[in-house]
Amino acid sequence: MSATVSFKVPSAHGPQTVTLSYAREGAGEPLLLLHGIGHHRQAWDPVLHLVAGERDVISVDLPGFGASPALPDGLRHDLPTMNAALGALCGTLGIDRPHVAGNSLGGLLALEMGRAGLARSVTALSPAGFWTEAERRYAFGVLRAMRGIAVRTPLPLVERFSRTATGRTLLTSTIYARPARRSPEAVVAETLALAGATGFEETLRAGIGVQFTDDVSSIPVTVAWGAKDRLLVPRQGVRAKRLIPHARLVRLPGCGHVPMNDDPALVARVLLDGSR
């Protein structure tokens, strides 16, 4: 069941109130799940029932995505602000240094939380920030094109496309290696989420020039990459391993950029192994 929580985040103009939507289920050590840009917390749904039996799982809509409003004026959608917001979220929910897992943008945020001492372990699935400048421009171009299609496509057409495997492939093959496996309802919901993402442009703009360059040596780190990732290509995982030498680098065969739906059992095992 979803809920919302509000808390204060410092800014140059004084504390600002941030409100986030989240869902919490399961039992065990806390595991915070962070989605990618333009997505929503439901991206994790395929693995939730496989993980919640062993973890207290908190999946959150990042600011300006899903059911969470964008950050208020005076707060940027950048890494320091997101670290402050996610740290404040954990404090408000009574979670002391959770395990954190993230995909794409969420993977970068998870690593930032680990670097800042806000996580007890990090599992990053195809995290952003290990790109060359050419790879970043390509990825941002693809994301903007996806957003444009989502905004311009009328809902009845999205619903019609979602009813067939071919239509689901047209709508989602950029991020899924097995798009036909995605349910029609999920494809409609995530297309609407991308179209309505009020934080999309600000978050993308804040990502220009972002490069993850620090080691995260004090906690367990797992970096996993879909072998068929077409958005952030798998060689970026090798760079991540070079920068974080003690990290466990895991290949996800048959998976795309958002692997949770392509192989839920494999991703759930990676999440559980990475959060021990």
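Look a little higher up for the structure.
These remarks concern the structure in this document. (Residues numbered from 1 in each chain as written. Predicted model: local features only at pLDDT ≥ 70, side-chain atom pairs only at ≥ 80, totals over all residues. Heavy atoms only, no water.)

## Remarks on helix α2 (residues 79-93)
Rules: Helix numbers and strand numbers start at the N terminus; a helix is a DSSP run of H or I with at least 4 residues, a strand a run of E with at least 2. By this rule, a helix spans an expected 1.5 Å times one less than how many residues it contains. The classification of residues rests on relative accessible area computed with a 1.4 Å probe and restricted to protein chains. Under 20% of the type maximum is buried, over 50% is exposed, and intermediate values are partly exposed.
Under the 1.5 Å per step criterion, the end-to-end length of α2 is 21 Å for 15 residues, consistent within 8% with the ideal 21 Å. Taken together, the buried positions of α2 are occupied by Leu79, Thr81, Met82, Asn83, Ala85, Leu86, Ala88, Leu89, Cys90 and Leu93. At the exit of α2 stands Gly94, carrying a positive phi of roughly 75°.

## A closer look at the packing of aromatic side chains
We apply this condition: Between the rings of Phe, Tyr and Trp (Trp by its six-membered ring), a pair exists once the centres lie within 6.5 Å; its type follows the angle of the planes, with under 30 degrees stacked, over 60 edge-to-face, and the other angles tilted.
As enumerated under the stated definition, the model contains 2 aromatic pairs in all. A centroid spacing of 5.6 Å and a plane angle of 50° characterise the contact between Phe130 and Phe212, whose relative ring orientation is tilted. Placement of the pair is Phe130 in the loop between β6 (121-125) and α4 (133-152) and Phe212 in the loop between α8 (200-207) and β7 (221-226), with a sequence separation of 82 residues. Across this residue pair, the class does not change: Phe130 and Phe212 are buried. Arranged with centres 5.6 Å apart and planes meeting at 85°, the rings of Trp131 and Phe140 form a pair that is edge-to-face. An identical accessibility class is assigned to Trp131 and Phe140; each is buried.

## Focus: the side chain of Ser121
Rules: Between N or O atoms, a polar contact is any pair within 3.5 Å; within protein, one atom must be a potential hydrogen donor and the other a potential acceptor, and residues adjacent in sequence are included only when both atoms are from side chains. We call two residues in contact whenever any of their non-hydrogen atoms come within 4.5 Å of each other.
Note that Ser121 resides in strand β6. Take Ser121: its relative accessible area is 1%, and that puts it in the buried class. Looking at Ser121, its side chain comes within polar contact range of the side chain of His99, at 2.6 Å. Polar side-chain contacts of Ser121 include one of 3.2 Å to the backbone oxygen of Gly274. Among all residues touching Ser121, those that are not within four sequence positions of it are Pro98, His99, Val100, Ile219, Pro220, Gly274 and Ser275.

## Here we look at the pattern of salt bridges
Think of it this way: side chains of opposite charge can pair up when their charged atoms draw near. As a reminder, the rule being used: Here, a salt bridge means any side-chain nitrogen of Lys or Arg that lies within 4 Å of a carboxyl oxygen of Asp or Glu.
Applying the stated rule across the entire model yields 14 salt bridges. Here Asp214 makes a salt bridge to Arg115, at a shortest N to O gap of 3.7 Å. Within this pair, whereas Asp214 is found in the loop between α8 and β7, its partner Arg115 is found in helix α3 (residues 105-115), the two being separated by 99 residues in sequence. Taking the relative accessible area as the measure of exposure, Arg115 reaches 38% and is therefore partly exposed. Among the ionic pairs, Glu190 bridges to Arg182, the shortest N-O distance being 3.4 Å.

## Side note on the nonpolar core
As a reminder, the rule being used: By nonpolar core is meant a set of buried Ala, Val, Leu, Ile, Met, Phe, Trp, Tyr and Cys residues that side-chain atoms within 4.5 Å join together.
Residues Phe7, Leu32, Leu34, Leu89 and Val221 are the most contacted members of the largest nonpolar core, which totals 83 residues. In terms of residue count, the dominant contributor to this core is α2 (8 residues). Setting aside residues up to four positions removed in sequence, Phe7 forms contacts with Gln16, Thr17, Val18, Leu20, Ala85, Ala88, Leu89 and Thr92.

## Topic: the pairing of strand β2 (residues 16-26)
Rule in force here: At least two DSSP bridges between two strands are needed for those strands to be called paired.
Note that strand β1 (residues 2-9) and β2 share 8 bridges and pair antiparallel. Paired with Ser6 across the two strands is Thr19, which belongs to β2. Hairpin geometry of β1 and β2 is characterised by an intervening segment of 6 residues between the two adjacent antiparallel strands and by a positive phi of about 100° at Gly14. As judged from the 5 bridges shared by β2 and strand β4 (residues 55-60), these two strands associate in the antiparallel manner. Following the sheet pairing, Ala23 is matched in β4 by Ser59.

## Things to note about the sheet that holds strand β5 (residues 99-103)
Definition in use: For every element, the axis is a line fit to its C-alpha atoms; helices are fit only across the contacting stretch, and the angle between N-to-C directions ranges from 0 to 180 degrees.
One open sheet accounts for 8 strands, arranged β1-β2-β4-β3-β5-β6-β7-β8; its pairing is mixed. Across the chains shown, the open sheet's two edge strands, defined by having one partner strand only, are β1 and β8 (248-252). Each neighbouring strand pair of the sheet contributes to a mean axis angle of 25°, computed without reference to strand direction. Of the strand pairs in this sheet, β6 and β7 are connected by 4 bridges, and their pairing is parallel. Counterpart to Val122 in the pairing with β7 is Val221. Taken strand by strand, α2 contacts β1, β2, β3 (29-34) and β4, and its axis lies near 115° from that of β1.

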